[in-house]
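An overview of the molecular structure
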Amino acid sequence: MKMRMRKCKPCGAYTMNDKCPNCSGDLNVVYPPKYSIEDRYGKYRRKLKEEANIIKNK
Ligand SMILES: [Zn+2]
């Protein structure tokens, strides 16, 4: 299974869909860094949380 993470340019949301679930904005494909799978997910989870907070605080 291919994991292709995408990040929305306008709102910064991560998704694996073709369109942003929040705003249907343009997506950048994010290539995961070469860490262990655990690290990778931890990083994304942290990022997701950070970005979610940023969006909330706007
Ligand atoms: Zn978006």
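To start, this report covers the structure provided alongside it. (Residues numbered from 1 in each chain as written. Predicted model: local features only at pLDDT ≥ 70, side-chain atom pairs only at ≥ 80, totals over all residues.)

**Thoughts on the overall build of the protein**
Quick note on the threshold: In this text, helices come from DSSP runs of H or I with a minimum length of four residues, and strands from runs of E with a minimum of two, each type numbered from the N-terminal end. Partly exposed residues are those whose C-beta has more than 12 but fewer than 20 other C-beta atoms within 10 Å; 20 or more makes a residue buried and 12 or fewer makes it exposed, with C-beta atoms placed from the backbone. By definition, residue pairs are in contact when their C-beta atoms, positioned from the backbone, come within 7 Å.
From N to C terminus, the protein includes one helix and three strands. When the elements of the protein are put in sequence order from the N terminus, they spell out β-β-β-α. Scored against the burial criterion, the 58 residues of the protein give a buried share of 5%. Contacts in the protein between residues at least 24 apart in sequence constitute 20% of all its contacts with a sequence separation of at least 6.

**What about the environment of tyrosine 44?**
Structurally, tyrosine 44 can be placed in helix α1 (residues 37-57). By the C-beta count within 10 Å, which is 15 here, tyrosine 44 ends up partly exposed. Placed 39 residues apart in sequence, tyrosine 44 and methionine 5 show a C-alpha to C-alpha distance of 9.7 Å.

**Quick look at the sheet that holds strand β1 (residues 5-8)**
Rule in force here: Here, a strand pair is defined by DSSP locating no fewer than two bridges between the strands.
In space, the three strands of this open sheet follow the order β2-β1-β3, with antiparallel pairing throughout. Among the strands making up the open sheet, the edge pair consists of β2 (14-15) and β3 (27-30). Strand direction decides the pairing type here: β1 and β3, joined by four bridges, are antiparallel. In the sheet register, lysine 7 faces β3, and the bridge partner there is asparagine 28.

**Side note on the environment of alanine 13**
Along the polypeptide, alanine 13 turns up in the loop between β1 and β2. By C-beta crowding, alanine 13 is classed as partly exposed, having 19 other C-beta atoms within 10 Å. In this structure, the C-alpha to C-alpha distance between alanine 13 and glutamate 51, residues 38 residues apart in sequence, is 7.2 Å. Residue contacts for alanine 13: discarding those within four places in its chain leaves Cys8, Cys20, Pro21, Asn22 and Glu51.

**Some points on the pairing of β1**
Relative to β2, β1 is paired through two bridges, and the arrangement is antiparallel. When the bridges of β2 are listed, lysine 7 appears paired with tyrosine 14. From the end of β1 to the start of β2, which pair antiparallel, there are five residues, and glycine 12 there has a positive phi angle of about 75 degrees.

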